[in-house]
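Fold and geometry: a report
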Amino acid sequence: QPCARRSRIQPTIAPVQPLRGRTDAHSLPRRRSVYFAVYQSCKLKLHAYPRLAAHRMLIVVLSAAVANSFAATLRVPCELVKQRLQAGVYASLPAAWHALRVAGPRGLYVPGALSAQLSRDIPFGVIMFLAYESMRGALQRRHGGEPTPFLGALCGALAGSVATLATNPMDVLK
């Protein structure tokens, strides 16, 4: 009776570690705040130039590019640590911090890391803010004023989705 004897399959996969490499959860709101503060500041400064004031979308593009460039310099070290933790280069977060303390600040900015981040983030930010500002402008024209916070959030979610779809191939290459 070959079916009577059942073999027991032993798991060979390590337990799932869903939070492995999640080093940035506590700092994400601060980084996003800095990103949007730089974006809004650039937008206000650029609107002050009469030659640029007529080109609303150019101001959005330039502001998004500057904000993403600034934010990337803050994001690259966290991304580097996260990716190395996920790849198993560091066994734990304390081991990562020890290795980075030994390497110094240059250990956080490896050659190509910033340019790889910028090559993905700048197009994402430009597309997202162009889509967001376009949708928000359409709602302003339609309703004769600022959209409600809910509609603004919906515009942001849709704009983020459009930017994600457009830049996903670059994220895969990174």
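Data block above holds the structure.
Conventions used here
Residues numbered from 1 in each chain as written. Predicted model: local features only at pLDDT ≥ 70, side-chain atom pairs only at ≥ 80, totals over all residues. Heavy atoms only, no water. Helix = DSSP H or I, 4+ residues; strand = E, 2+ residues; numbered from the N terminus. Buried < 20%, exposed > 50% of the residue type's maximum accessible area, 1.4 Å probe, protein only. Areas by Shrake-Rupley, 256 points an atom, 1.4 Å probe, with all protein chains shown as cover. Axes fitted to C-alpha atoms, helices over the stretch in contact; angles between N-to-C directions. Parallel < 35°, antiparallel > 145°, perpendicular 65-115°, else oblique. Left-handed = near helix turned anticlockwise from the far one by under 90°. Nonpolar A, V, L, I, M, F, W, Y, C, P; charged D, E, K, R; others polar. Core = buried A, V, L, I, M, F, W, Y, C linked by side-chain atoms within 4.5 Å. Contact = heavy atoms within 4.5 Å. Polar contact = N/O pair within 3.5 Å; in protein donor to acceptor, adjacent residues only side chain to side chain. Phe/Tyr/Trp six-rings, centres within 6.5 Å; stacked < 30°, edge-to-face > 60°.

Things to note about the overall build of the protein chain
The helix and strand tally for the protein chain stands at six helices and zero strands. Overall, the protein chain shows an N-to-C arrangement of helices and strands of α-α-α-α-α-α. Looking at the protein chain residue by residue over its 174 residues, the buried ones come to 30%. With the model as given, the accessible surface of the protein chain reaches about 11,700 Å², and the carbon-plus-sulfur share is 65%.

Regarding the packing of helix H3 (residues 56-87) against helix H5 (residues 113-143)
Running from amino to carboxyl end, H3 crosses H5 at an angle of 140°, the nearest separation of the two axes being 7 Å. Judged on the interaxial angle alone, H5 and H3 are oblique. Taken as a pair, H3 and H5 cross one another with a handedness that is right-handed. Split into classes, the residues belonging to the contact of H3 with H5 amount to 14 nonpolar, seven polar and five charged.

Comments concerning the nonpolar core
If you look at the biggest cluster of nonpolar residues, it comprises 14 residues, and the most contacted ones within it are Tyr35, Tyr39, Ala64, Ala67, Met128 and Phe129. Where this core is concerned, the elements lending two or more residues are helix H1 (28-47), H3, H5 and helix H6 (149-173). Apart from residues no more than four positions distant in its own chain, Met128 is found in contact with Tyr35, Ala159, Gly160 and Ala163. In terms of nonpolar packing, the next biggest core, distinct from the first, is built from five residues, Val81, Tyr90, Ala96 and Leu100 among them.

Looking at the side chain of Glu133
Residue position: Glu133 is located in helix H5. Among the polar contacts listed, one links the side chain of Glu133 to the side chain of Tyr39, at a separation of 3.0 Å. Side-chain polar atoms of Glu133 contact the side chain of Arg136, separated by 3.2 Å. With residues up to four places along the chain from it excluded, the contact list for Glu133 reads Tyr39, Lys43, Arg56, Met57 and Val60.

What about the packing of aromatic side chains?
As enumerated under the stated definition, the model contains four aromatic pairs in all. Plain terms: the ring middles of Tyr35 and Phe36 are 5.2 Å apart, the flat faces sit at 80° to each other, and that makes the pair edge-to-face. Taking the relative accessible area as the measure of exposure, Tyr35 reaches 3% and is therefore buried. Since its relative accessible area comes to 37%, Phe36 is described here as partly exposed. On the basis of an interplanar angle of 75° and a centroid distance of 5.7 Å, the ring pair of Phe36 and Phe129 is categorised as edge-to-face. Of this pair, Phe36 sits in helix H1 while Phe129 sits in helix H5, placing them 93 residues apart in sequence. Among the residues examined, Phe129 registers a relative accessible area of 3% and is labelled buried. Feature note: the residues Tyr35, Phe36, Tyr39 and Phe129 constitute an aromatic cluster, connected by ring pairs.

Honestly, it's all geometry; don't read function into it.
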